[in-house]
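The lines below spell out each chain.
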Amino acid sequence: MSQYVTLLGAEEVSRAAGRMQSAADQMSSAASNLDSILERHQRFLDDWLIRLDGTLTDRTSDLGVTLRNLP
């Protein structure tokens, strides 16, 4: 007599669990990648806003000089 009992569907359940773990790993990796992308985008926007502020400050100063020179 066999000492092992095989439940019907146990292999399918085991394969499904493996697929679910694989999907969870992929979702975790995607979330990590998205976090990295958002961080880089935030740095890009911060740099862009700093450059825009500098440009607007320069132009505002130029405009003030120009307006003072009007007759």
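Above this text you will find the structure in question.
A short tour of the structure in this document, coming up.

So, how was this worked out
Residues numbered from 1 in each chain as written. Predicted model: local features only at pLDDT ≥ 70, side-chain atom pairs only at ≥ 80, totals over all residues. Heavy atoms only, no water. Helix = DSSP H or I, 4+ residues; strand = E, 2+ residues; numbered from the N terminus. Buried < 20%, exposed > 50% of the residue type's maximum accessible area, 1.4 Å probe, protein only. Areas by Shrake-Rupley, 256 points an atom, 1.4 Å probe, with all protein chains shown as cover. Salt bridge = Lys/Arg side-chain N within 4 Å of Asp/Glu carboxyl O.

### Here's the deal with the overall build of the chain
No. 1: Across its full length, the chain carries one helix and zero strands.
No. 2: Within the chain, buried positions represent 0% of all 71 residues.
No. 3: Summed over all atoms, the accessible surface of the chain reaches about 6900 Å², with 60% contributed by carbon and sulfur.

### Quick notes on the pattern of salt bridges
No. 1: Here the structure, examined in full by the defined rule, presents two salt bridges.
No. 2: Note that Glu12 is salt-bridged to Arg15, the shortest N-O span being 3.7 Å. Remark: Arg15 and Glu12 occur in helix α1 (residues 10-68); sequence separation between them is three residues, near one turn of the helix.
No. 3: Residue classification places Glu12 among the partly exposed residues on the basis of a relative accessible area of 46%.
No. 4: Residue classification places Arg15 among the partly exposed residues on the basis of a relative accessible area of 45%.

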